[in-house]
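Each chain, letter by letter, is given below.
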Amino acid sequence: MISNQILQNTIDGIKGITKVELLVLDLEGNVLATTLEEEFDQEETIHAFVSSQADSQTIQGFQYFKVYDMSQLEYVVMIKGDSESDFTIGKMVVFQIQSLLLAYKERYDKDNFIKNLLLDNLLLVDIFNRAKKLRIKMNVSRVVFIIETSKEKDTGVLETVRGIFAGGTKDFITAVDEKNIILVKELAQGEVYEDLEKTAQMLVDMLNSEAMANVHVAYGTIVEDLKEVSRSYKEAKMALDVGKIFYEDRNVMAYSNLGIGRLIYQLPLPLCKMFIKEIFGETTMDQFDEETLITINRFFENNLNVSETSRQLYIHRNTLVYRLDKLQKSTGLDLRTFEDAITFEIALMVVKYMEYLETIEY
């Protein structure tokens, strides 16, 4: 069903061209959109017209027209005036609203098709037949972006995304849950992953500035067939999860650039617990205070460089060495050696993943 705002915008535009007053009503006589300033109440007249066999009728200085969606009566249009030119305008309004109904129905059908495609709810033969009916090409390059909003049902973000890609009629924008907006983008010839990164960053920047929304964007790999779109969606979803767990400082995540986080994300919980116990024994991450964790992270960021790390932390070199020695005594890992540093960093990531699993279980 077309929104009342769309109907109002339509008749306002027509009045601006023709200077004719008009109304759109539902089958009960309720005014959905009007250009008249005064209130209008002819409920009995509308009911009589709806029940009649006539598709148009002139009553008391108004011309009435029925608007059908296929064979189903949907609206009544009223034109103020009884001249032949008013009749012509009325028929044009009917045609315009019927065209809107058809466009919205096609958009709904495409939206429904894309949702089922993403969720793997269609057989291969159904994908082919429905794509052909909806005039959607099968063999073109596409990629799936997921835009996660900070709050549920953020219609401002959805409308902004639709506005950005309004010119690209071959792109599909939908939502499969409360917080995630899905963009299935058809790629131009020659577009590569660097271009996808720019598109994702553009979405983050524009949504932050125009919709005032804090969003995260993830995208999958490029697929060449419509039936593979669901794979790109699953990849984008994994990239979004992995990014939130291991790379909190990033607003954009690509499935093709997940690093070791991709491997850890696929580990079963018992194996994670076994690994942590093997590395730390009875020591838990809760025993490391915030100062120690900050020191470790800064040490890793500076590629195990003691001098640079101590300078950035505003501490004496010997103080940093003391902290590293203390950590070695409690864990048996000397972070100044590459092998132990790698082991410790992986352990930190595994702990983050275990904490994430606990949150989704409860």
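Analysis parameters
- Residues numbered from 1 in each chain as written.
- Predicted model: local features only at pLDDT ≥ 70, side-chain atom pairs only at ≥ 80, totals over all residues.
- Heavy atoms only, no water.
- Pairing = 2+ DSSP bridges.
- Helix = DSSP H or I, 4+ residues; strand = E, 2+ residues; numbered from the N terminus.
- Axes fitted to C-alpha atoms, helices over the stretch in contact; angles between N-to-C directions.
- Contact = heavy atoms within 4.5 Å.
- Core = buried A, V, L, I, M, F, W, Y, C linked by side-chain atoms within 4.5 Å.
- Buried < 20%, exposed > 50% of the residue type's maximum accessible area, 1.4 Å probe, protein only.
- Parallel < 35°, antiparallel > 145°, perpendicular 65-115°, else oblique.
- Left-handed = near helix turned anticlockwise from the far one by under 90°.
- Nonpolar A, V, L, I, M, F, W, Y, C, P; charged D, E, K, R; others polar.
- 1 Å grid on protein atoms, 1.4 Å probe; cavity = no way out; pocket = protein on both sides within 12 Å on 5 of 7 lines; lining within 4 Å.
- Points joined across faces, edges and corners; volume = space filled by probe spheres on them.
- Salt bridge = Lys/Arg side-chain N within 4 Å of Asp/Glu carboxyl O.
- Phe/Tyr/Trp six-rings, centres within 6.5 Å; stacked < 30°, edge-to-face > 60°.
- Lys NZ or Arg CZ within 6 Å of the ring centre and 35° of its normal.
- Expected span 1.5 Å × (residues − 1).
- Arc of directions from axis to C-beta.

So, the sheet that holds strand E6 (residues 142-148)
Consideration 1: Overall, mixed pairing links the five strands, which are arranged E7-E8-E6-E9-E10 in an open sheet. Unpaired on one side and paired on the other, strand E7 (172-175) and strand E10 (252-254) mark the two borders of the sheet. Shown here is a sheet whose adjacent strand axes are inclined to one another by a mean of 20 degrees, direction ignored.
Consideration 2: Alignment of E6 against strand E9 (residues 216-219), held across four bridges, turns out to be antiparallel. In the strand pairing of E9, Phe145 is matched with Tyr219.
Consideration 3: Across the face of the sheet, helix H6 (residues 193-210) comes into contact with E6, strand E8 (180-186), E9 and E10 while running at roughly 160 degrees to E9.

Focus on the pairing of E7
Consideration 1: In this structure, E7 lies alongside E8, joined through four bridges in antiparallel fashion. The residue bridging Ile173 from the neighbouring strand is Leu183, located in E8.
Consideration 2: In sequence, E7 turns back onto E8 through a hairpin of four residues.

Examining the nonpolar core
Buried together is how nonpolar side chains tend to be arranged in soluble globular proteins.
Consideration 1: If you look at the biggest cluster of nonpolar residues, it comprises 60 residues, and the most contacted ones within it are Phe113, Leu226, Phe280, Leu335 and Phe344.
Consideration 2: When sequence neighbours within four positions are dropped, the list of residues in contact with Leu335 reads Ile296, Phe299, Phe300, Leu304, Leu324, Leu327, Asp340, Ala341 and Phe344.
Consideration 3: Of all hydrophobic cores here, the second largest spans 23 residues; its members include Ile147, Ala200, Val204 and Tyr219.

Observations concerning the packing of helix H5 (residues 155-164) against H6
Consideration 1: One way to put it is that H5 packs onto H6 with a least axis distance of 10 Å and a crossing angle of 125 degrees. Between H5 and H6, the angle is such that the two are oblique. Note that H5 runs across H6; the crossing there is right-handed. Of the residues in H6, those in contact with Val157, Thr160, Val161 and Ile164 of H5 are Met202, Leu203, Met206, Leu207 and Glu210.
Consideration 2: In the contact of H5 with H6, the residues fall into seven nonpolar, one polar and one charged.

Here we look at the sheet that holds strand E5 (residues 72-80)
Sheets are built from strands paired through backbone hydrogen bonds, the pairs being either parallel or antiparallel.
Consideration 1: The five strands are arranged E2-E1-E5-E4-E3 in an open sheet whose pairing can be described as antiparallel. Of all the strands in the sheet, just strand E2 (31-34) and strand E3 (56-59) have a single pairing partner and so form its edges. For this sheet, the mean angle separating the axes of adjacent strands, direction not counted, is 25 degrees.
Consideration 2: Summarising the sheet, strand E1 (residues 22-25) and E5 pair through four bridges and their orientation is antiparallel. Bridged to Val24 within E5 is Val77.
Consideration 3: Helix-sheet contacts for helix H1 (residues 4-18) involve E1, E2 and E5, and the interaxial angle to E2 is about 35 degrees.

Brief notes about the layout of surface pockets
Consideration 1: Taken as a whole, the largest pocket spans an internal volume of roughly 680 Å³.
Consideration 2: Together, 18 residues line the largest pocket, and Phe246, Asn297, Leu348, Met349 and Lys352 are the ones closest to its centre.
Consideration 3: With six residues, helix H13 (residues 338-361) is the single largest residue contributor to the lining of the largest pocket.
Consideration 4: Of the residues assigned to the lining of the largest pocket, the class counts are nine nonpolar, one polar and eight charged.

Examining the pattern of salt bridges
Consideration 1: Counted under the stated rule, the structure contains 14 salt bridges.
Consideration 2: With a shortest N-O distance of 3.0 Å, Lys244 and Glu148 are connected by a salt bridge. With a gap of 96 residues between them, Lys244 in helix H7 (residues 229-246) and Glu148 in strand E6 connect regions that are remote in the sequence.
Consideration 3: Residue Lys244 is classed as partly exposed on the basis of its relative accessible area of 37%.

Concerning the packing of aromatic side chains
Consideration 1: As enumerated under the stated definition, the model contains nine aromatic pairs in all.
Consideration 2: Consider the rings of Phe280 and Phe344, whose centres lie 5.5 Å apart with planes at 75 degrees: the pair is edge-to-face. With Phe280 in helix H9 (residues 269-280) and Phe344 in helix H13, this pair connects stretches of sequence that are 64 residues apart.
Consideration 3: A relative accessible area of 0% means that Phe344 is categorised as buried.
Consideration 4: Arg250 extends its terminal NZ or CZ atom over the ring of Tyr247, reaching a point 4.2 Å from the ring centre.

Digging into H6
Think of an α-helix as turning once every 3.6 residues; residues three or four places apart then point the same way.
Consideration 1: Taking 1.5 Å per residue, 18 residues should reach 26 Å; H6 reaches 25 Å between its end C-alpha atoms and fits that length.
Consideration 2: Within H6, burial applies to Leu196, Thr199, Ala200, Leu203, Val204 and Leu207. Buried residues along H6 cover an arc of 135 degrees about the axis, so they all sit on one side. With respect to the buried face of H6, the exposed residues turned more than 90 degrees away are Glu194, Lys198 and Glu210.
Consideration 3: Count one or two residues on from H6 and you reach Met212, which has phi positive near 50 degrees.

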